[in-house]
Amino acid sequence: MQPRPVTATSRSLILIFLVLVLLAGLPLAVWLDLRNLTERGLLRQANDLNSLMTSVRGYYANNVVSRVLSSPGSTQVVHNYATIPGAIPIPATLSLELGRTISEQQQNITYRFVSDFPFKNRTPHALDDFETTSLAALRDRSDQKLTNVSWSMLSDRVRLVAPVIMGAACVACHNSHAESPKRDWKIGDVRGIQEITISQAFATNIFSFKYLLAYFVFMAATGFTFITVQRRQAATIRSINGELETANEFLATLSMKISRYLSPQIYKSIFSGQKDVTIHTERKKLTIFFSDIKDFTATTERLQPEQITRLLFYRDVEHRAQTWRHDR
């Protein structure tokens, strides 16, 4: 079985299908790029904020809390500093309040400073699976930061967990504090985790691809214009071919009719192009033969017109055949 030939209409439909497939892939590619761009941006923001919070807490612990504790006086360093006149917060409380302030001002940012060893008078922290797993991994190896990326169709969310490492001042405070649940801390131990969660919608980065999107829109418009022009040209060509087929059929029918009134030699010379059909004078030697059909009058009186026409036609064909054999 031979394969069917590919027509102009089929080629046009295939081209349209390929263009539509390519255009359908454009939103997917842009969406993947937006997701990747958003994820990278959120990771960078989370790392920057984590470094900022760690630096602030470290500076506060080493240059404020340490100085106060090294010179005992009326100033106290406690977690409930708001209830004690002249008291200042411990570094952990400072981190919590800074994170709360940041979360209030930035709706897409959440800060958590949590541990599985809270002081006795504090509500235990609820840790989810990611935080529990991260805390265990950081206690095995504290020189790392762990991330968790989740996304939906329209937004992306990054969770960054960094270790809260005990310094000299923290160890001294926790090992001597009456409400501390653990009093064998060592410098370098992981007290808890500092978690920063940032979420952002993909649409906020859509204008990062404005030139690329404009280019693809232009190419799509150009492709559709090209396809439209091609389809119009194909329709015009089909119409012309139909008219040519009709004309050819008419000429074929006409030539068959003309062949009945011309000799085979003249018919062949005209329709083969050997002789031009023009009005001109030409001198030739002709032989004219007049003949009569025997008993033709009596024959016509007893035959119908259709039978007479058929009789004359066959006699004409026979006469042409005799002439052709004579010429040969």
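The structure we're discussing is the one just above.
The structure displayed is predicted, hence computed values, not measured ones.

Draft legend 1. The arrangement of the packing of aromatic side chains in detail. For the coordinates displayed, the defined rule picks out one aromatic pair. Seen from their ring centres, Phe117 and Trp185 are 5.6 Å apart, and the 90° between their planes marks the pair as edge-to-face. With a gap of 68 residues between them, Phe117 in the loop between strand 3 (109-114) and helix 3 (129-140) and Trp185 in the loop between helix 4 (168-176) and strand 6 (190-201) connect regions that are remote in the sequence. A residue is classified by how much of its surface remains accessible, and Phe117, at 27% relative accessible area, is partly exposed.

Draft legend 2. Region of interest: the nonpolar core. With twelve residues, the main nonpolar core is built from Leu42, Ala46, Leu49, Met53, Ile109, Tyr111, Phe113, Val158, Leu160, Val164, Ile196 and Ile198. At the level of secondary structure, the elements contributing two or more residues to this core comprise helix 1 (8-70), strand 3, strand 5 (155-165) and strand 6. In terms of residue count, helix 1 provides more of this core than any other element does, four residues in total. Within the second largest apolar cluster, eight residues are counted, among which are Phe130, Leu135, Leu146 and Ile193.

Draft legend 3. Geometry of the pairing of strand 5. The buried fraction of strand 5 amounts to eight of the eleven residues, a majority that puts the element mostly inside the structure. With antiparallel pairing between neighbouring strands as the criterion, strand 4 (residues 146-151) and strand 5 make up a hairpin whose turn holds three residues. Here eleven bridges tie strand 5 to strand 6, and the two strands are oriented antiparallel to one another. By the bridge assignment, Ala162 is partnered in strand 6 with Gln194.

Draft legend 4. Fine view of the pattern of salt bridges. Here the structure, examined in full by the defined rule, presents eight salt bridges. Between Glu131 and Arg112 there is a salt bridge; the shortest N-O distance is 2.8 Å. Note that Glu131 is positioned in helix 3 and Arg112 in strand 3, a separation of 19 residues in sequence. A salt bridge links Lys182 to Asp184; the nearest nitrogen and oxygen atoms lie 2.7 Å apart. Classification of Lys182 as partly exposed rests on a relative accessible area of 21%.

The rules we used
Residues numbered from 1 in each chain as written. Predicted model: local features only at pLDDT ≥ 70, side-chain atom pairs only at ≥ 80, totals over all residues. Heavy atoms only, no water. Phe/Tyr/Trp six-rings, centres within 6.5 Å; stacked < 30°, edge-to-face > 60°. Helix = DSSP H or I, 4+ residues; strand = E, 2+ residues; numbered from the N terminus. Buried < 20%, exposed > 50% of the residue type's maximum accessible area, 1.4 Å probe, protein only. Core = buried A, V, L, I, M, F, W, Y, C linked by side-chain atoms within 4.5 Å. Pairing = 2+ DSSP bridges. Salt bridge = Lys/Arg side-chain N within 4 Å of Asp/Glu carboxyl O.

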